[in-house]
Amino acid sequence: MDVIGLRKPPEQPLSAPLQPGDSAPYLAAMEPDRPRYLVAFLRHVGCPFAEATVRQLRWLAGQYPEVQCILVSHGDGAVRARWLEKVGGAAGLTVVDDPDREFYGAFGVGYSGAGHFLGLRSLLGVVGLWFKGVRNRSASGTRWQKSATFLLDASRTVLWSHTAAHAADVPRLAPVLERFKGEATPMMTESEASPRLRVRLLEHTPYEGIGNIERWLLQHDARIERTRFYADDWSLPDPEAVDLVIVMGGPMSANDETALPWLKAEKAFLREAVDRGVAVLGICLGAQVIASALGARVYAAPQAEIGWFDVQSVPATTGSIKLPSRLRVLHWHGETFELPPGAIRLASSEVCDNQAFQIGTRVIGLQFHLEATPHSLASMLEHEAGDLVPGPFVQGAEALQAASDDDYRRGAKLMAEVLNYLTRARSTVADTAAGGSILENNQV
């Protein structure tokens with residue numbers, strides 16, 4: 001940590017902090033005819049929370065190309081450039097250097113007290129980011145500077161603003177952009193952008209990631225917590241503290257309780273979550289673990305199924321989600337399962353009768369990978385290439401990677417529909433218990 005960065009600088013000219021409805025100053029970097037401008041002021045170059053902000057903005061710039069994402073820094077420009085290169089670059093971002101903090105002052109982004117960066121929340125945040133590989137590096141600028149973010153419309157009217165209460169206070173911005181997609185949108189209070197959905201990911205390997213689910217979670221400003229069964233310090237929450245459980249895949253069997261004793265704890269947790277009406281989604285191994293937890297048999301499939309093959313939906317019954325009649329999806333499994341008690345079959349394939357199931361409006365199991373992205377598939381190929389033993393329903397690496405953009409897009413769209421269905425169904429649980437109707441033939 002550089003000592004200079006701990007010295008409080010002279011006060012800068014400071015306007016009143018901008019609030020929704022105020023008119024923001026003009027920045028020469030603003031591109032004309034943009035419907036929205038997202039302006040993020042960094043606390044100091046090298047700050048791990050600045051890196052978290054850059055990563056988020058870089059992702060948003062790719063997902064919302066109509067929005068100009070502007071990054072403002074008061075650190076040394078050369079150091080800032082080197083730091084951005086270290087953290088993956090500024091693709092899609094407009095970078096503004098403001099060493100005299102002129103723009104900071106004009107937007108009302110002032111200084112903080114020492115507690116802003118030495119407080120417990122900030123220090124815990126630094127530790128948490130450290131384990132995610134987000135570090136203090138190439139530090140430049142004062143740590144006394146607050147950070148802030150503003151969303152402006154085409155006329156530079158502030159639609160939403162957030163000034164950090166402490167250094168670790170980095171807001172989720174995707175739900176803000178989602179709220180203001182339309183031409184005429186109401187002002188948004190800061191509390192409306194706070195996390196609403198509590199999500200627990202149950203992960204069995206470090207390399208089978210959530211793929212396109214990440215975008216949906218960002219758009220819904222989900223508060224994400226993980227149980228990593230492959231780590232020694234895994235833990236499970238009280239199901240009452242969770243709105244949605246997503247059970248991921250893995251190369252092991254749902255029957256491996258002797259070799260992997262955490263499977264017993266996972267199944268007990270899932271039984272309790274289902275009993276309490278928590279929304280639960282299982283993917284591949286995750287679907288098999290849910291089935292096993294609820295008393296169904298998991299066994300070797302007639303053939304290993306690894307590749308892009310069709311599944312056919314079963315005609316929807318009352319209360320079930322409606323899947324496309326036929327869909328090309330990614331498979332990577334050698335086992336299958338019987339339907340657990342009370343489950344409705346949603347889809348089948350040429351190899352396996354049970355490819356997807358639903359229990360009530362709160363539990364869905366998918367034996368295939370709707371979450372797949374080219375990156376997640378590449379990770380599976382890197383770690384599980386030994387599964388590609390030639391067979392009638394096993395494709396080679398080249399065929400697996402030949403999937404089209406449309407294949408991935410269709411999978412992502414259906415995955416979003418499944419997640420919307422599971423989380424929207426929260427409002428139907430009480431009605432069902434009281435004898436009311438539930439969603440019928442729902443195609444979200």
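Conventions adopted
- Residues numbered from 1 in each chain as written.
- Predicted model: local features only at pLDDT ≥ 70, side-chain atom pairs only at ≥ 80, totals over all residues.
- Heavy atoms only, no water.
- Pairing = 2+ DSSP bridges.
- Helix = DSSP H or I, 4+ residues; strand = E, 2+ residues; numbered from the N terminus.
- Axes fitted to C-alpha atoms, helices over the stretch in contact; angles between N-to-C directions.
- Contact = heavy atoms within 4.5 Å.
- Buried < 20%, exposed > 50% of the residue type's maximum accessible area, 1.4 Å probe, protein only.
- Polar contact = N/O pair within 3.5 Å; in protein donor to acceptor, adjacent residues only side chain to side chain.
- Core = buried A, V, L, I, M, F, W, Y, C linked by side-chain atoms within 4.5 Å.
- Salt bridge = Lys/Arg side-chain N within 4 Å of Asp/Glu carboxyl O.

1. Things to note about the sheet that holds strand S3 (residues 93–97)
For step 1, the next point in the chain: Spatially, S3-S2-S1-S4-S5 is the arrangement adopted by the five strands of the open sheet, whose pairing is mixed. The sheet terminates laterally at S3 and strand S5 (158–163), the two strands that pair on one side only. Along the sheet, successive strands turn relative to each other by an average axial angle of 15°, direction set aside.
For step 2, the next point in the chain: Direction of pairing for strand S4 (residues 148–153) relative to S5: antiparallel, over a ladder of five bridges. Its bridge partner being in S5, alanine 148 is matched across the sheet by threonine 163.
For step 3, the next point in the chain: Its contacts with the sheet put helix H2 (residues 77–86) on strand S2 (67–73) and S3, and the angle it makes with S3 is roughly 155°.

2. Side note on the side chain of histidine 333
For step 1, the next point in the chain: Along the polypeptide, histidine 333 turns up in strand S11 (residues 326–337).
For step 2, the next point in the chain: Look at histidine 333 and you get buried, because its relative accessible area is 5%.
For step 3, the next point in the chain: Reaching out from histidine 333, the side chain makes a polar contact with the backbone oxygen of glutamate 335 at a distance of 3.1 Å.
For step 4, the next point in the chain: The contact partners of histidine 333, leaving out residues within four places of it in the chain, are Cys284, Gln288, Ala304, Glu305, Ile306, Cys352, Gln355 and Gln367.

3. Describing the sheet that holds strand S13 (residues 356–359)
For step 1, the next point in the chain: With respect to topology, nine strands assemble into an open sheet ordered S7-S6-S8-S9-S14-S13-S12-S10-S11, the strand pairing being mixed. Here the strands that pair on one side only, and so sit at the sheet edges, are strand S7 (223–228) and S11. Direction aside, neighbouring strands of the sheet carry axes that sit 20° apart on average.
For step 2, the next point in the chain: With four bridges connecting them, strand S9 (residues 279–283) and strand S14 (residues 363–366) associate as parallel partners. Of the residues in S14, the one forming a bridge with valine 280 is valine 363.
For step 3, the next point in the chain: Against the sheet, helix H8 (residues 262–275) engages strand S6 (198–203), strand S8 (244–247), S9 and S14, with an angle of about 145° to S8.

4. Considerations on the nonpolar core
For step 1, the next point in the chain: Within the largest apolar cluster, 47 residues are counted, with the highest numbers of intra-cluster contacts made by Leu38, Leu57 and Phe150.
For step 2, the next point in the chain: Take this core: its biggest share by element is six residues, from helix H1 (residues 48–63).
For step 3, the next point in the chain: Ignoring any residue separated from it by four or fewer positions in sequence, one finds phenylalanine 150 in contact with Leu18, Tyr37, Leu38, Val39, Phe41, Phe107, Val109, Val158, Trp160 and Ser161.
For step 4, the next point in the chain: Counting residues in hydrophobic clusters, the runner-up holds 33 residues, among them Val311, Leu323, Leu327 and Val418.

5. Here's the deal with the environment of arginine 345
For step 1, the next point in the chain: When you line up the elements, arginine 345 lands in strand S12 (residues 344–348).
For step 2, the next point in the chain: A residue is classified by how much of its surface remains accessible, and arginine 345, at 32% relative accessible area, is partly exposed.
For step 3, the next point in the chain: Separated by 13 residues in sequence, arginine 345 and glutamine 358 place their C-alpha atoms 6.7 Å apart.
For step 4, the next point in the chain: The contact partners of arginine 345, leaving out residues within four places of it in the chain, are Val314, Leu339, Asp353, Asn354 and Ala356.
For step 5, the next point in the chain: At 3.3 Å, the side chain of arginine 345 forms a polar contact with the backbone oxygen of aspartate 353.
For step 6, the next point in the chain: Polar side-chain contacts of arginine 345 include one of 2.7 Å to the side chain of asparagine 354.

6. With respect to the pattern of salt bridges
Between side chains of opposite charge, a pair can form when the charged atoms approach closely.
For step 1, the next point in the chain: Summed over all chains, the structure comprises 17 salt bridges.
For step 2, the next point in the chain: Between arginine 80 and aspartate 97 there is a salt bridge; the shortest N-O distance is 2.7 Å. With arginine 80 in helix H2 and aspartate 97 in strand S3, the pair connects residues that are 17 residues apart, well separated along the chain.
For step 3, the next point in the chain: According to the relative accessible area criterion, arginine 80 is buried, its value standing at 14%.

It is worth stressing that arrangement in space is one thing and function is another; only the former is reported here.
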